[in-house]
Amino acid sequence: MQLATIVGQATATVKHASMAGWKLLIAQPLTVDGKPDGEPQLVIDNLGAGLDDRVIICNDGAGTRKLMNSKNSPVRWFVMGICDRSEAKNAHR
Amino acid sequence: MRIAEVIGTVTLSRCHPSIAGYRWIIGVPYSLKALKDDSVPDGEDIVILDESGAGIGQKIGVSEGVEAMMPFQPERKPIDAYNACILDAVQVK
């Protein structure tokens, strides 16, 4: 699981059948002091995360497949929680 | 699932029998900066197995890792990048 910020959203008509009906958000994973960490990821979301929300994204494929109720979905990342506040001991943020 | 732009295709002359007969495309993943100012993607290009017929120049969602093989369950294929969706619209703040 990783802290991330929602930076946008995407729509796709042609996609794997298991993704039908799922909201696709673009999340930028963050390091502990809030800097971008790697490339932005497409994540599925059913918690209603909005733009600029600080979220926790999870890349447990088995969990995603259970969430999507599909045995063969290629999706890996999903929004697991929306943060109210997050602090890190020696992060200067 | 990273966002990548399709820049070309690959044809295999000899390959593992389980992956014969598929369409292979070359995708370059987007960093956050490239996505934000809608410029040329600047990641490292990867070869992606494509079953949806993505055209050159289109933005796609690339499923990576073991999730790339999930759509072929229970069959096992030696691939680690799969075109999960062709993106119609990508909005990044």
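Residues numbered from 1 in each chain as written. Chains lettered and ligands numbered in written order. Predicted model: local features only at pLDDT ≥ 70, side-chain atom pairs only at ≥ 80, totals over all residues. Heavy atoms only, no water.

Scanning the entire structure with this criterion turns up 11 salt bridges over all chains. Here R76(A) ties to E67(B) by a salt bridge, and the two come within 3.4 Å at their closest N and O atoms. Taken together, the positions of R76(A) in the loop between helix 1 (61-68) and strand 6 (78-82) and E67(B) in the loop between strand 4 (59-64) and strand 5 (81-86) put the pair across two chains. Salt-bridge contacts for R23(B) lead to D50(B); the nearest nitrogen and oxygen are separated by 2.6 Å. (Salt bridge = Lys/Arg side-chain N within 4 Å of Asp/Glu carboxyl O. Helix = DSSP H or I, 4+ residues; strand = E, 2+ residues; numbered from the N terminus.)

Okay, the interface of chain B and chain A next. On the chain A side, the residues contacting the 30 residues of chain B number 29 residues. Summed over the three residues of chain B that lose the most area to chain A, namely M1(B), L32(B) and E67(B), the buried surface amounts to 27% of that side. Put simply, chain B and chain A have 4 salt bridges between them. With a shortest N-O distance of 3.1 Å, R65(A) and E67(B) are connected by a salt bridge. Seen at the junction of chain B and chain A, the total is 15 residue pairs in polar contact (both at pLDDT 80 or more). Mapped onto the side of chain B that touches chain A, the elements with two or more residues apiece are strand 1 (2-10), helix 1 (32-36), strand 4, strand 5 and strand 6 (89-92) of chain B. Grouping the amino acids of the side of chain B that touches chain A by side-chain chemistry returns 17 nonpolar, 8 polar and 5 charged. Across 4 bridges, strand 1 (residues 2-11) of chain A lies against strand 6 of chain B in antiparallel orientation. Among the inter-strand pairings, A10(A) is bridged to a residue of strand 6 of chain B, identified as V90(B). (Contact = heavy atoms within 4.5 Å. Buried area = accessible area lost by both parts, 1.4 Å probe. Polar contact = N/O pair within 3.5 Å; in protein donor to acceptor, adjacent residues only side chain to side chain. Nonpolar A, V, L, I, M, F, W, Y, C, P; charged D, E, K, R; others polar. Pairing = 2+ DSSP bridges.)

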